[in-house]
Amino acid sequence: MCIRLILFILLPIFTMAIVSCNENKNSQETGNVVQSLSGNDTTGFARADAPRNFVFPDDFGPHPQFQTEWWYYTGNLSDEDGREFGYQLTFFRRALSPDKIERESKWATSQIYFAHFALTDVKEGEFYSSERWSRGAAGLAGAQTKPFQVWIDSWSIKVDDKSFRLRAQDGPVSIDLLLNPLKAEVLQGDKGLSQKSKDPGNASYYFSQTRIESSGSIFMHGEEFEVSGLSWLDREWSTSALGEDQEGWDWFSIQLDDGQEIMLYQLRLNGGGIDPFSSGSLVGVKGDVTPLKAEDFKIEVLDTWKSPETNTVYPSKWQISIPKHDIKLIVTPLLNNQELLLSFIYWEGAVKVSGSGFSGKGYVELTGYKPQN
Amino acid sequence: MNYPLLHLTTGYIRKHLLQNILLILGIAFGVALIVSVDIANQSASRSFVLSKEILSSKSTHHILGSYSDFDERIYQNLRLKFGVRNLVPIVEDYVNVPVLGGRTVKLLGTDFFADLIFYDNRQSPLSSISEHALTELIAMPGTALISAQLAQSAGIDAGDVVEVNYGSKTLNIKIIGLLNSKSDELSKSLGGLILTDISTAQELLDKVGFLSQIDLLIDGENPQDIEKLNLIRDYLPSGVEIKEKSLLLGSAKSLTRSFELNLLALSLLALFVGVFLIYNIVSFSVIQRRSIIGTLRSIGATRKQIFKMIISEALAIGIVGSLIGVLGGVFLGRGLVGLVTRSINDLYFTLTVTNFTVSPESIIKGFLAGIFAVGIAALVPAYEASRFRPINVLRRSTLEGLFAKSLKLLGFIGFLFIALGYVLIIVSTKSLVLSLISVFLILLGASLLVPICTALLMRLFSLVLSPLGLIGRISPRNIIRSTSRTAVAVASLTVAISVILSVSIMIGSFRSTVVNWLDSALTADIFISMDSANISSQAGVPNEIIEQVTSYPQVERVATVRRILYDSPEYGLFNLVAVTEDLAVENREFIWSESQNNIIWDKMQSNSILISESFAYKNAIEPGDGTVVTLQTDHGAKDFEVAGIYYDYGSQAGVLLISDELYRTLWDDDKITSLGLYISNTKNIETTTELLRSGLSNYSNLMIRSNDNLKRSAIKTFDRTFTVTSALRLLIAIVAFISVLSSLMALQLEREKEFGILRAVGMTVGQLRKMLFLENGLIGLASGLFSIPVGLALSFILVYVINLRSFGWTLNFTVEPQYFIEAVGIALAASIAAGLYPAYLVGKEDVGKLIREE
């Protein structure tokens, strides 16, 4: 899902967070940031330029020889009474330099970690978002392979026996979830090599867990909710830059009630149009994967929503058609306002899916939309 | 005031321009002093805050070690175990920058990601830094940012490598970017800073594993935050404390408070002298116009109108004088800020930022003080003028007659004031402010006693001088005859001279005390320390130097000194000094000690300590057996028995002297601040010093000084500290000089008619001039003589009361004849100078014209 996000997000978040947190309440800067990203120095880092052998569970751990990396969890949950919640917990790693310099101080590092945590309370129409950032040193933040964990302060994803435990808390909201994957890892793109433009090496290693049984607790303002549902994980690492002509992206992860999952993303080009490197995948009930190319699917916007905070107009209802597989879906946000007002502002939220013979839930991410006036 | 009166009064001012210019000058000087001292004090305070609060102006609390850095794991535990988020770790120390002319700046390292919490809604200074530079700052060792301003003054560009001295190390720091800030405050703060990543600071300053400080943001209104605060308090180990920022600033500020208060008192003294001047001139202007005022009264002007006329006139002049004074004060303040900041750097703590702030309050304060002084001073003459009866005003003798009658009453009131001042000193056991007020009471009392003493002294002079003939007899009587004005001139001169005298005695006593103390306290032959231009640096002498110096055959033995600034909740800030042997053992002078000098050192090996006089004074520790001081050591709280209280003038914060052995077992500290070397043949001190210098030349910042050399530089520092006081003393002398010049000159100029008559009856110009100078000389002499007892009394108070209460130490009262010669000299010079212009006029004026009116 998140190549689009990460490419847009990592450097801006780093620079803007340090420079002035919450200063840029709108993403007008994006164009400039994209330019500065294009000139980003990637020499010395490993590149995703050929298919590789994925090893599990080791590949859940960090790959510091690559410049950027993320662990991206989203999910739709509900309690016994059917009260619906959506959550997002994402950790990012960014290397400032490919060199590992031996230094005395435990604070010394070239690894920076960021995390976003969001919670959607559908019943009350509330959306909470928060972020953390830290150097990957002095025990404050980091990632490790054995046993797998990634953390910033008290926010963490840890392997707990065969399950994964997710914990995050900010102000009045927190989550504590136990996740058990129901299907094997899905290698996206070409056996896990996800090409982002025609330049070799301008790609990422990308795998997903598309159906994860999830249960645990959500705390809100002192109230505890026992919840269960499905989560989705995207793991991706790369050393690559975004094309100059790309404006933003729309990304969809859909878990159908019939046991299939769909992942789609489309890169929007400056001045309209869709980048031919947009793609996706269809995961069958038994975990069989069918890659989807840009020409295999079509996404139509049926409605829009204007953010009262940033005046940004986001799409808020879609029709997705995948004619080859005879799929036609209507995707609607569970809540219009799922805009993350963080150092980098974007929309990412829980959606419901309906269609001829289809139903389900999912998550949609929208970036690169500019405020109007 | 109605128009004709206004017209009259402006006409009067125009006619007596010189007199009024002197009056304006006098007010202006008084106001200028007040404004400049206020600016200097406030700027110094601001410098302090700017130096301390560089990046964390939003923080509310600091976590600090009581004497040094603390374990970095405290930070990690607070964040990870206790979930406290608003925490910023800081590693810092002071370094010297040769390309900035050896200026001391702070090298500060922080975690920029944690620091973000303090920049929620405002521009961070890092916004001017390119992303590439930020990346390098965090990822690459030895990199730093400095402010664009600092870079410019040092001729540094981004990309340059700068040499910086820290302790015995020379650090090479690569400047990778320049900080700019839109906020004026922030850019001032940044001007004294080298900013690095926390890892870089740990490595450069040899503090790997340690933090200097943690800044916190605690919302005192939020119950969760308060709960966290208590959690933190409980968690912190012995020797590490969390402190409210405002209290922390306060406790450090209280050190300089006495210093600043003393400066303020000196500036008020100058205005006090100025008040006499104003009184003098305003009452003189009333007397000059007694016939006009009489005429006005007889044609129907009311008393109220006359009163208003005189007051308004004085206030108008006061406003002009105060305005000039305010401008002069700002100008003067600029110079004074430098002196005050330097003194604070020498005495208290390092200010990395020299700030010059002119606050509106300083201006308003000074201006109002000027107006108020004029109002008070003009009140009596204005009242007198309004009481003139038309029939009496033509006769001057009426006024003098009245004044002569009140001499005794004035003297009595003066006596009462002095008594009140004395009682106040006795009653106000520790208050500095009250003792300063009593200084003013005593001065005021003395000045009220001056008229009657002048009258008595002049009678004596007329007897003594009668052999000189007519002039010898006339002159003293002339003074008696016009006591109403001469007495004020004498009084103002007396006040000024006695202030100058007492300040001289105080500084002199202080200096000789310090010289004696240095002789007894510094017994080692050669001293080795770090060349730190700043008092706050924690850098010590490298431990391996001990071995190196003992290998020299000339060196008999080596003593080590560890000096740390300790902050304890019970005793505030003080110096904890650990020594391997008592360097002053035989010469140490005790206020009180429980046993003989040589036994004390043995006791200090087990459980006893010594405290300095100022430590005892500050904490109200009375001499006596069984007194106990409790300190938080690195191994828990520990009681120490006080074995003695000794004289010390090295630290106003106070010293607690402990044996090195005891110190090292209780505190986990192996650093050394300085070494004292005893050499076998004391004749070879200088040659051995040279030998050591060349032998240890690979340590770039080591200071190796002979005993003499160290004493000389200590005295130099002392003298530098008192530059401010001496400067103020000079300014007071200027105010006094103007005051006397203007009043005496006015006095003589008024006597034109009298001189005309004297000339007409046959007195030569030469005789007249002789008379004039003799009179002025007598006035000067009287002031000089009166100022001796008054000055002595004041100096007693300064030495034994003000100094004790300000700094907690007792000085030896030392008086030198030159102070008195100086005092009487200034008085005579001023009064004789005042006769020059009138004497010149005496020869020029036409006798006929002068007496035509009669």
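Residues numbered from 1 in each chain as written. Chains lettered and ligands numbered in written order. Predicted model: local features only at pLDDT ≥ 70, side-chain atom pairs only at ≥ 80, totals over all residues.

Overview of the overall build of chain A
- A count of helices and strands for chain A gives two helices and 23 strands.
- Pairs at least 24 apart in sequence give 58% of the contacts found in chain A among residues at least 6 apart. (Helix = DSSP H or I, 4+ residues; strand = E, 2+ residues; numbered from the N terminus. Contact = placed C-beta atoms within 7 Å.)

Description of the overall build of chain B
- Counting its regular elements, chain B contains 28 helices and 21 strands.
- Its C-alpha atoms give chain B principal-axis dimensions of roughly 100 × 65 × 50 Å.
- Here chain B, with 854 residues, has 48% of them falling under the buried criterion.
- Within chain B, residue pairs in contact and separated by at least 24 positions form 85% of the contacts whose partners lie at least 6 positions apart. (Buried ≥ 20, exposed ≤ 12 C-beta atoms within 10 Å, placed from the backbone.)

Points about unusual backbone geometry
- Going from Phe 56 of chain A to Pro 57 of chain A, the amide bond is cis rather than trans, its omega being 10°.
- You can see Pro 57 of chain A is positioned in the loop between helix 2 (30-38) and strand 1 (68-79).
- Omega for the bond connecting Lys 146 of chain A with Pro 147 of chain A falls within 30 degrees of zero, at -15°, which places this linkage in the cis form.
- Topologically, Pro 147 of chain A is positioned in the loop between strand 5 (141-144) and strand 6 (149-152).
- In this structure, Asp 161 of chain A takes a positive phi of about 60° despite not being glycine.
- Here Asp 161 of chain A shows up in the loop between strand 7 (155-160) and strand 8 (163-170).
- Look at Asp 161 of chain A and you get exposed, because 9 C-beta atoms sit within 10 Å.
- Positive phi is not limited to glycine here, since Ala 620 of chain B has a value of about 50°.
- Owing to 7 C-beta atoms within 10 Å, Ala 620 of chain B belongs among the exposed residues under this scheme.

Structural notes on the confidence of the model for chain B
Residue and element names in this part refer to chain B.
- Model confidence for chain B is summarised by a mean pLDDT of 83, while 92% of its residues fall at 70 or above.
- Across chain B, the element-wise mean pLDDT spans from 62 in helix 28 (residues 847-851) up to 95 in helix 8 (residues 198-204).
- Here the predicted complex scores 0.75 on pTM and 0.86 on ipTM. (pLDDT = per-residue confidence, 0-100.)

Some remarks on the pairing of strand 14 (residues 246-256) of chain A
Residues and elements named next belong to chain A.
- Of all eleven residues in strand 14, eleven are buried, a share of seventy percent or more.
- In terms of strand pairing, strand 14 meets strand 15 (residues 261-269) through nine bridges, oriented antiparallel. Across the sheet, Trp 251 pairs through a bridge with Tyr 265, a residue of strand 15.
- Once strand 14 ends, the chain turns through four residues before running back antiparallel as strand 15, passing Gly 259 with a positive phi of about 100°.
- Summarising the sheet, strand 14 and strand 23 (residues 358-367) pair through eight bridges and their orientation is antiparallel. Residue pairing for strand 23: Asp 250 is matched across the bridge by Leu 366. (Pairing = 2+ DSSP bridges.)

As for the nonpolar core
- The biggest cluster of nonpolar side chains holds 180 residues, and the ones touching the most others in it are Ile 278, Ala 496, Ile 732 and Ala 736 of chain B.
- The dominant element in this core, judged by the number of residues it contributes, is helix 17 (residues 483-521) of chain B, at 20 residues.
- Leave out the neighbours within four places in its chain, and Ala 496 of chain B touches Val 273, Ile 732, Ala 733, Val 735, Ala 736 and Ser 739 of chain B.
- Trp 133 and Met 263 of chain A together with Leu 107 and Leu 178 of chain B belong to the second-largest nonpolar core, a separate cluster that totals 138 residues. (Core = buried A, V, L, I, M, F, W, Y, C linked by C-beta atoms within 7 Å.)

Quick word on the packing of helix 24 (residues 723-749) of chain B against helix 27 (residues 817-844) of chain B
All names here are of chain B.
- The geometry of helix 24 relative to helix 27 is characterised by a closest axis approach of 8 Å and an angle of 40° between their N-to-C directions. The angle between helix 24 and helix 27 falls in the class oblique. With respect to the hand of their crossing, helix 24 and helix 27 are arranged in right-handed fashion. Across the interface between the two elements, Ala 733, Ala 736, Phe 737, Val 740, Leu 741, Leu 744, Met 745, Gln 748 and Leu 749 of helix 24 pack against Ile 826, Ala 830, Ser 831, Ala 833, Ala 834, Gly 835, Tyr 837 and Pro 838 of helix 27.
- By residue class, the composition of the contact of helix 24 with helix 27 is 14 nonpolar, three polar and no charged. (Axes fitted to C-alpha atoms, helices over the stretch in contact; angles between N-to-C directions. Parallel < 35°, antiparallel > 145°, perpendicular 65-115°, else oblique. Left-handed = near helix turned anticlockwise from the far one by under 90°. Nonpolar A, V, L, I, M, F, W, Y, C, P; charged D, E, K, R; others polar.)

With respect to the environment of Thr 120 of chain A
Residues and elements named next belong to chain A.
- Locating Thr 120 in the fold gives a position in strand 3 (residues 111-121).
- What makes Thr 120 buried here is the crowd of 26 C-beta atoms within 10 Å.
- Measuring from C-alpha to C-alpha, the distance between Thr 120 and Glu 84 comes to 8.3 Å, with 36 residues separating the pair along the chain.
- Among residues more than four places away in sequence, those in contact with Thr 120 are Phe 85, Gly 86, Phe 127, Leu 334, Leu 335, Gln 338, Gly 349 and Ala 350.

Some remarks on the packing of helix 12 (residues 303-347) of chain B against helix 23 (residues 707-721) of chain B
Residues and elements named next belong to chain B.
- Relative orientation of the contacting elements helix 12 and helix 23 amounts to 140°, with a least axis distance of 9 Å. Crossing hand, helix 12 versus helix 23: left-handed. Mapping the contact onto sequence places Arg 342, Ser 343, Asp 346 and Leu 347 in helix 12 and Thr 717, Arg 720 and Thr 721 in helix 23.
- The class makeup of the residues in the contact of helix 12 with helix 23 is one nonpolar, three polar and three charged.

Some remarks on the environment of Tyr 279 of chain B
Residue and element names in this part refer to chain B.
- Structurally, Tyr 279 can be placed in helix 10 (residues 245-288).
- Along the chain, Tyr 279 and Val 824 lie 545 residues apart, while their C-alpha atoms are 23 Å from each other.
- Once residues within four sequence positions are removed from consideration, Tyr 279 is found in contact with Ala 377, Val 380 and Val 488.

Some points on the pairing of strand 5 of chain A
Residue and element names in this part refer to chain A.
- What you see with strand 5 is a clean split: Ala 141 and Ala 143 sit on the buried side and Gly 142 and Gln 144 on the side with no burial.
- As paired elements, strand 5 and strand 6 share four bridges and run antiparallel to each other. When the sheet's bridge partners are listed, Ala 141 is paired in strand 6 with Ile 152.
- Hairpin connection, strand 5 to strand 6: the antiparallel pair is bridged by four residues.

Things to note about helix 9 (residues 223-235) of chain B
All names here are of chain B.
- If you check helix 9, its first and last C-alpha atoms are 18 Å apart, about what 13 residues at 1.5 Å a residue would give, namely 18 Å.
- By the burial criterion, the buried members of helix 9 are Lys 228, Leu 229 and Ile 232. One side of helix 9 holds all its buried residues, which, seen down the axis, span an arc of 105°. Among the exposed residues of helix 9, those oriented more than 90 degrees off its buried face are Pro 223, Glu 227, Asn 230, Arg 233 and Asp 234.
- Close packing links the buried residues of helix 9 with helix 3 (73-80) and strand 11 (240-244). (Expected span 1.5 Å × (residues − 1). Arc of directions from axis to C-beta.)

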